[in-house]
Structures are given as structure tokens and as C-alpha cells.
Amino acid sequence: MAIGFLQRERIVAPPGWTRWLIPPAALSIHLAIGQAYAWSVFKPPLEAGLGISGVASALPFTLGIIMLGLSAAVFGTKVDSNGPRWAMAVASACFVAGFLISALGLYMRQYWLVVVGYGFVGGIGLGIGYISPVSTLIKWFPDRPGLSTGIAIMGFGGGALIASPLTNQLLTAFGATGDKPDVNGIAQTFLVMGLIYAVFMSVGWLLIRVPAEGWQPAGWHPSQTKSHSLISTGHVSAANAIKTPQFWLLWVVLCFNVTAGIGILERAAPIYRDFFPDASSPAALAAAAAGFVAMLSLANALGRIIWSSTSDWAGRKNMYRFYLGVGALLYLAVTLTTNSNKVVFLLCCIFILSFYGAGFATVPAYLRDLFGTYQVGAIHGRLLTAWSIAGVLGPLIVNAIADAQIAAGVQGPGRYTTAFMIMIGLLVIGFVCNELIRPVHERFHEPRDAVADTTGARV
């Protein structure tokens, strides 16, 4: 149970509270935990300073993504029952502790503490923090669920745009760059970033509020919600949701959509170098590849808000038809045109990554449509195990096939043809699964009185 000022009852919004303070509260959490996408900035100094391999330097990130999905699934029901302030405070404590434990490990030259700190402890903070504002946003914005969750989840996608330059500046200031970086300087960077995020994330859990019983937006009534056949009038518990075919079909949809995007994102710089190696100098090629990575990160962030907002009027199922169907066609275009047209290549990759981000941002509203608001945070947490699987599957497919092609002497875009064809197949499977999703049968619905007693809201 949450205690004291962390309790849900202590954060019921007073009359006149503006709901537009809730997205900034959610953003303060998501922009912070979105630092995970900037982990690659730590890889070179860690490898050079500690003499570890690229695989070893990726372990904290990999474990963090695995723990994100697992902790979201395990603690999802607690997040819904204890409320968003409790969840955000716990997420902040774990995420910040991950940085501090990592700093201690580096001072002691014990890399395993970095893996445990950032990957395990910080990964728990990632999972709880990621789902902490979802159900609250949906309850504050019943008229715009796609927009509200898109704003917050955009923060996770865009967190690296803040974290990357911040990390570079701190590493440089503490002498942790170059061929012989100061390991103590890397530790200081972790320490300072942990303290910065402690302050930044505190804004979120101090500001967050839940709507009072019976609250709804001024001038709005549920009957005004754009009608789509999948929108449920009932509510489903997290325990019952995983018994429905809709949950597992959507699990496959999310898993394969993420797999298709993260496969490019994780290996973005090498992919660009292999497709367009004809730069004037190695430095120019490195700069162009870095620009490509930044472009994809921006597409990932913007796709979360643009496409998710569009789903409020187009419908969630239609948007996933778009993400998966058009995504498969874009992969096919890259496979067929290879490097013959750089503009086509860049546009295809930008849209693929925008669909990758959009899949994350649209899925909470999709879950709301299917299962109601009763335990949507817990259901979302369980669904994020698909991300954990995709986080391993996508990079494994692309990297394993590329390594095999490189060993066979294959040059250029041919290194990725087989991997991209696999991605097309996965997106087609996801498209079919999305088509099979139907409204949840009433036998899975919770009694209306039970839902009202638990949430304190009118249903």
C-alpha cells in the first residue's frame, strides 16, 4: 500500500485544476527515462576505459530493456491500485539509484555493478516509470486519449535528444573522452546525471493529480466520442485481459512492429555507412551517419505524437493497418531500390521509425478501447513484455545476418537484404493479427459496481 502523501486519495484534483498540467508531469518522467536511448554515448568511453567488448558494453542497456518489460508486467496492477504518484516516486528512486550504483561501480572498477545498477535497478525504474502516467492520462483525456498518451510517450522517444548532448558535455568536462578516458570521469558523469534526473523527475510525482469522482471535461459527454466498432463500454481486469485473444493478437502486433523498427534503430550508423560509403573522408562519413541516427531519433519522437493523435479520429485499428501495411511496403522499397536513390532511402527509414514510435504511443489508447480504463495501466504493463522480446529479436536478426554476410565477403546493401525481407514478413503477420482483433466478449467484463468501488469513478 502507498503511504502518506503518495496515496491516491491525497492527489485528487481540487475544483478548477487544469488537466493540461498532467502531460508536463508525465513528460518529466518520460523525458528522463528516455535517456536509455542515449546509452550508446557511454559505450566508447566504457570500452576504452575498462577494456571491455562492444557486447559487454551493451549489457546494461539490454538488461534495462528486458527489465522494462518484466517490471511493467509485474508491477502494473500495483501502479493502478496505488496511484500515479506512488508509481512515479518509485520509478524515480529506482532510475536514479541505477545511476548512483553505476557511479560507485566505476569508482571501484567493478563493471558488474554498472550492469546491476543501470540494467537491473534502473530497468525497474524504466518499466514502472513508463506505465505510471498512462491510465491517469486516459482518465483526464477521455476525449483525446491518443493525443494525451502520445505527448507523454513522445517524451520517451525524445529523451535521447536531451541526454545525448548532456552526456557528451559531462564526459568531456570530466576528461572521460578520447583513446584513454578517465574512468573516474565516467563515474562522475553517472553521478551528476543521477542527481539531475532526481530533481527533474521529482517535478512529475509532485505535480501529478487524479480526477475527482465523476469528473469529465467541460462541455464533453461520452456520447460525443467518435464511434469505432472496437470501443468497449465495459471494463476488463488485467487478470481477465490476458485470457482474451485480443490481448495476444495485439501482443504480436506490438512485438513485430517494434522488431521491424528497432532492428534499423540499433544498427542505424553501420547501415548508413554500408549503403552510402562514398563520402569524401572518414570524418564526413561518420558525421553523415551520426546525422542519420539523429534524424531517425527525431522521427521516432515525432511519430509518437503525430500518428497517435491521428488515431483519435481515424481509429486505432486503422492506424495499425497503416503502420504495418505501409511499413512493409517501405521495407520492400528499400530492399528493391537499395542505394540507388538516397532520398527514397531516407524517406523510407524516417517513416519506418515514425511508425515504430507511433506503435508505442497508440497502443495505450487501443487497450482503452478494447478493455476500458479499469486496469489499463496493468494491462499495458503486461503487453510491454512484447517490447522485451522485440528488443532482443530485432537487433539479433539484423546483426546476425549482417555479420554472416560480412564474413561471406558481401559488400554494401546486400548485407541487409535477407534481414529486411524477414521484417516484411513479420509486418505482414502483424497486419493479419490486427485484422483478427474484434470487440472483447462481455463474459470478460467486470461488474459495473466492482469497477466503481475500486476506482472511485463513475462508469
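What you are looking at is a predicted structure, and each value in this text was computed from that prediction instead of being measured.

Which parts of the structure should I look at to understand the nonpolar core?
When a protein is soluble and globular, its nonpolar side chains tend to lie buried together. Core analysis: the biggest nonpolar cluster contains 141 residues, and Phe 345 and Trp 387 have the highest contact counts within it. Counting residues per element, this core draws most heavily on helix α14 (residues 342-371), at 16 residues. Once you skip the residues sitting within four places of it in the chain, Trp 387 turns out to touch Tyr 37, Ile 65, Leu 68, Tyr 130, Phe 156, Val 258, Tyr 356 and Phe 360.

Looking at this structure, I do not really get the pattern of salt bridges. What am I missing?
Opposite charge on two side chains permits them to pair, given that their charged atoms come into close proximity. By the definition in use, this model includes seven salt bridges. Across the pair Asp 312 and Arg 316 runs a salt bridge, and its minimum N-O distance is 2.9 Å. The pair formed by Asp 312 and Arg 316 is uniform in burial state, with each residue classed as buried. In this structure, the salt-bridge partner of Arg 321 is Glu 435, at a minimum N-O distance of 2.5 Å. One end of the pair, Arg 321, is in helix α13 (residues 316-337); the other, Glu 435, is in helix α17 (residues 417-436), and 114 residues separate them in sequence. Residue Arg 321 is classed as partly exposed on the basis of its relative accessible area, which comes to 30%. A single salt-bridge network, built from bridges that share partners, covers Asp 312, Arg 316, Arg 368 and Asp 369.

How do you make sense of the packing of aromatic side chains when you look at a structure like this?
A ring pair, where both rings are aromatic, is described by two values, the distance of the centres and the angle of the planes. Inspection of the entire model under this criterion finds 36 aromatic pairs. For the ring pair Phe 322 and Phe 355, a centre distance of 5.0 Å and an interplane angle of 65° mean the geometry is edge-to-face. Of this pair, Phe 322 sits in helix α13 while Phe 355 sits in helix α14; the two residues are 33 residues apart in sequence, bridging distant segments of the chain. In this structure an aromatic cluster arises from ring pairing among Tyr 272, Phe 275, Phe 276, Phe 292, Tyr 331, Phe 345, Tyr 416 and Phe 420. The side chain of Lys 342 reaches across the aromatic face of Phe 276, ending 5.1 Å from its centre.

How do you make sense of the state of the cysteines when you look at a structure like this?
In protein structure, a disulfide is the covalent linkage between the sulfur atoms of two cysteines. Scanning the entire structure with this criterion turns up zero disulfides. Note on Cys 348: no disulfide assigned, nearest cysteine sulfur contributed by Cys 349 at a separation of 6.8 Å. The class of Cys 348 is buried, set by a relative accessible area of 6%.

Got a minute to help me understand helix α11 (residues 268-275) in this structure?
Three or four residues apart is the spacing at which side chains of an α-helix point the same way, because the helix has 3.6 residues per turn. Burial within α11 is extensive, with six of its eight residues counted as buried. Of all the residues in α11, the buried ones are Ala 268, Ala 269, Ile 271, Tyr 272, Asp 274 and Phe 275. Tucked inside the fold, the buried residues of α11 contact α10 (245-266), α12 (282-314), α13, α14 and α17.

Whenever I open this one, unusual backbone geometry confuses me. Can you help?
Residues apart from glycine generally show negative phi values, whereas peptide bonds are mostly found in trans. Even without a glycine there, the phi angle at Arg 109 is positive, about 60°. On the secondary structure map, Arg 109 appears in the loop between α4 (84-107) and α5 (111-131). Classification of Arg 109 as partly exposed rests on a relative accessible area of 42%. The backbone phi angle of Thr 338 is positive, close to 45°, even though this residue is not glycine. Note on placement: Thr 338 falls in the loop between α13 and α14. The class of Thr 338 is partly exposed, set by a relative accessible area of 26%.

Would you mind showing me how to read a nonpolar patch on the surface here?
On the surface, Leu 100, Leu 104, Tyr 107, Met 108, Leu 191 and Leu 195 cluster together to form a nonpolar patch covering roughly 530 Å² of accessible area. Among the secondary structure elements, those contributing two or more residues to the nonpolar patch are α4 and α8 (183-207). A total of three residues in the nonpolar patch trace back to one element, the largest contributor, which is α4. Summarising the element assignment, Leu 100 is placed in helix α4.

About the cut-offs
- Residues numbered from 1 in each chain as written.
- Predicted model: local features only at pLDDT ≥ 70, side-chain atom pairs only at ≥ 80, totals over all residues.
- Heavy atoms only, no water.
- Core = buried A, V, L, I, M, F, W, Y, C linked by side-chain atoms within 4.5 Å.
- Buried < 20%, exposed > 50% of the residue type's maximum accessible area, 1.4 Å probe, protein only.
- Helix = DSSP H or I, 4+ residues; strand = E, 2+ residues; numbered from the N terminus.
- Contact = heavy atoms within 4.5 Å.
- Salt bridge = Lys/Arg side-chain N within 4 Å of Asp/Glu carboxyl O.
- Phe/Tyr/Trp six-rings, centres within 6.5 Å; stacked < 30°, edge-to-face > 60°.
- Lys NZ or Arg CZ within 6 Å of the ring centre and 35° of its normal.
- Disulfide = S-S within 2.5 Å.
- Patch = residues over 30% accessible without salt bridge, like charges linked within 9 Å, V, L, I, M, F, W, Y side chains within 5 Å.
- Areas by Shrake-Rupley, 256 points an atom, 1.4 Å probe, with all protein chains shown as cover.

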